[in-house]
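Read off the chains here:
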Amino acid sequence: MAQILATSRSAVLVNGCPGPWINCKRGLRQGDALSPYLFLLVADVLQCLIKDSDTVRHPLADAPCPVLQYAYDTLIVWAATDDVLSLRSILDFFSEATGLKINYHKSTAVPMHIPAPKLRRLLKILQCQQAGFPQVYLGLPL
């Protein structure tokens, strides 16, 4: 892995002409075949953190909530309990531990049967936007 990172070089195209070579010393190049695998290894940690939590629960059963991941998207199907701070602290811990920053302003919450005062509180803690159905996910309508 160190050899791959130490020997990579990139150039920026400006008006179709490559600029000077840049020696890359950290990270993977965009489109590198290892990138999705490394992301999955790290993203598995988030699933484990949520499944090990006693407070972030499945909306319909007494079980861990499902965490669905595809490429760089993550869906957390979660019962909107009063312990939203627990979910937020798990997400913040994951972000701090892995260096993957969660953009809460691009994230959405899709509430179902949640009273308006409780929903406002949840959105304020999660700092995300509210969305509803129908919506598009990965190019397909839901």
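Residues numbered from 1 in each chain as written. Predicted model: local features only at pLDDT ≥ 70, side-chain atom pairs only at ≥ 80, totals over all residues. Heavy atoms only, no water.

Caption draft 1: View of the pattern of salt bridges. By the definition in use, this model includes two salt bridges. For aspartate 62, the salt bridge goes to arginine 57, with nearest N and O atoms at 3.3 Å. You can call aspartate 62 exposed: its relative accessible area is 73%. Arginine 88 is paired through a salt bridge with aspartate 92; the nearest N and O atoms lie 3.1 Å apart. Of this pair, arginine 88 and aspartate 92 both sit in helix H3 (residues 84-98), separated by four residues, roughly a single helical turn. (Salt bridge = Lys/Arg side-chain N within 4 Å of Asp/Glu carboxyl O. Buried < 20%, exposed > 50% of the residue type's maximum accessible area, 1.4 Å probe, protein only. Helix = DSSP H or I, 4+ residues; strand = E, 2+ residues; numbered from the N terminus.)

Caption draft 2: View of the packing of aromatic side chains. Scanning all chains against the criterion turns up zero aromatic pairs. The side chain of arginine 9 reaches across the aromatic face of tryptophan 21, ending 4.4 Å from its centre. (Phe/Tyr/Trp six-rings, centres within 6.5 Å; stacked < 30°, edge-to-face > 60°. Lys NZ or Arg CZ within 6 Å of the ring centre and 35° of its normal.)

Caption draft 3: Here's a closer look at the packing of helix H2 (residues 34-52) against H3. Orientation of H2 relative to H3, taken along the N-to-C sense of each, is 150°, at an axis distance of 10 Å. When the axes of H2 and H3 are compared, the pair comes out roughly antiparallel. In terms of crossing hand, the pair formed by H2 and H3 is right-handed. Together, Val42, Ala43, Val45, Leu46, Leu49 and Ile50 of H2 and Leu87, Ile90, Leu91, Phe93, Phe94 and Thr98 of H3 make up the contact between the two elements. For the contact of H2 with H3, the residue count by class is eleven nonpolar, one polar and no charged. (Axes fitted to C-alpha atoms, helices over the stretch in contact; angles between N-to-C directions. Parallel < 35°, antiparallel > 145°, perpendicular 65-115°, else oblique. Left-handed = near helix turned anticlockwise from the far one by under 90°. Contact = heavy atoms within 4.5 Å. Nonpolar A, V, L, I, M, F, W, Y, C, P; charged D, E, K, R; others polar.)

Caption draft 4: Representation of the packing of H3 against helix H4 (residues 116-126) within the structure. Contact geometry of H3 with H4 gives a least axis separation of 10 Å together with a crossing angle of 20°. Comparing the axis directions of H3 and H4 gives the class roughly parallel. Crossing hand, H3 versus H4: right-handed. The segment H3 lies against H4, with Val84, Leu85, Leu87 and Arg88 engaging Arg121, Leu122, Ile125 and Leu126. Among the residues forming the contact of H3 with H4, the class breakdown is six nonpolar, no polar and two charged.

Caption draft 5: How the structure looks around the environment of aspartate 62. By the secondary structure assignment, aspartate 62 is in the loop between H2 and strand E5 (67-70). Among the polar contacts made by the side chain of aspartate 62, one reaches the side chain of arginine 57 at a distance of 3.3 Å. (Polar contact = N/O pair within 3.5 Å; in protein donor to acceptor, adjacent residues only side chain to side chain.)

Caption draft 6: Examining unusual backbone geometry more closely. Cis peptide bonds are those with omega within 30 degrees of zero, and the linkage from phenylalanine 133 to proline 134 qualifies with -5°. Looking at the element boundaries, proline 134 is found in the loop between strand E8 (129-130) and strand E9 (136-137). Here the phi dihedral of histidine 113 falls at roughly 60°; this positive angle occurs in a residue that is not glycine. Along the chain, histidine 113 turns up in the loop between strand E7 (108-109) and H4.

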